[in-house]
Amino acid sequence: MSDTQAQSAKQQARSTQQIEADIAATRARLASTVDELVERAHPKNVVKRQVDQAKAQVFDERGELRTQKLIAVGGAVVGVVGMLLMIRRLVGRR
């Protein structure tokens, strides 16, 4: 007997109650998954995750400011503004 025939015979041996129980279990898993996706995609939860990510960039695990990161970002901002002012001054001379 081939594997396909053996599987077919095994499936035929399942009762209607077993099939209905499998369908009910699958339906419950799908409902749970859909509920989880709806919860994840809710705008309030999306905003909360984004705020948490932003806070994680500024504060460490102990709730203290990440001064090294803030200094680096501040330095980058000052550098970009300085470059823009220099370019503006150079273009204004012409």
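The notes below deal with the structure included here. (Residues numbered from 1 in each chain as written. Predicted model: local features only at pLDDT ≥ 70, side-chain atom pairs only at ≥ 80, totals over all residues. Heavy atoms only, no water.)

1. Things to note about the packing of helix 2 (residues 16–41) against helix 3 (residues 43–58)
Item 1. Axis separation between helix 2 and helix 3 bottoms out at 5 Å; the angle between their running directions is 60 degrees. In terms of orientation, helix 2 lies oblique with respect to helix 3. Residues Glu 39, Arg 40 and Ala 41 of helix 2 touch helix 3, and the partners they reach there are Pro 43, Asn 45, Val 46 and Arg 49. (Axes fitted to C-alpha atoms, helices over the stretch in contact; angles between N-to-C directions. Helix = DSSP H or I, 4+ residues; strand = E, 2+ residues; numbered from the N terminus. Parallel < 35°, antiparallel > 145°, perpendicular 65-115°, else oblique. Contact = heavy atoms within 4.5 Å.)

2. Points about a nonpolar patch on the surface
Item 1. Together, Met 83, Met 86, Ile 87, Leu 90 and Val 91 make up an exposed nonpolar region whose accessible area comes to about 500 Å².
Item 2. By the element assignment, Ile 87 lies in helix 4 (residues 67–92). (Patch = residues over 30% accessible without salt bridge, like charges linked within 9 Å, V, L, I, M, F, W, Y side chains within 5 Å. Areas by Shrake-Rupley, 256 points an atom, 1.4 Å probe, with all protein chains shown as cover. Salt bridge = Lys/Arg side-chain N within 4 Å of Asp/Glu carboxyl O.)

3. So, the pattern of salt bridges
Item 1. This structure, assessed with the given rule, holds six salt bridges.
Item 2. Ionic pairing is found between Asp 22 and Arg 14, a salt bridge with its closest N-O pair at 2.3 Å.
Item 3. On the accessibility criterion, Asp 22 (39% relative accessible area) is partly exposed.
Item 4. Residue Arg 14 is classed as partly exposed on the basis of its relative accessible area of 33%.
Item 5. A salt bridge links Lys 48 to Asp 52, with the shortest nitrogen-to-oxygen separation between them at 3.1 Å. Placement of the pair is Lys 48 and Asp 52 together in helix 3, with a separation of four residues, close to one helical turn. (Buried < 20%, exposed > 50% of the residue type's maximum accessible area, 1.4 Å probe, protein only.)

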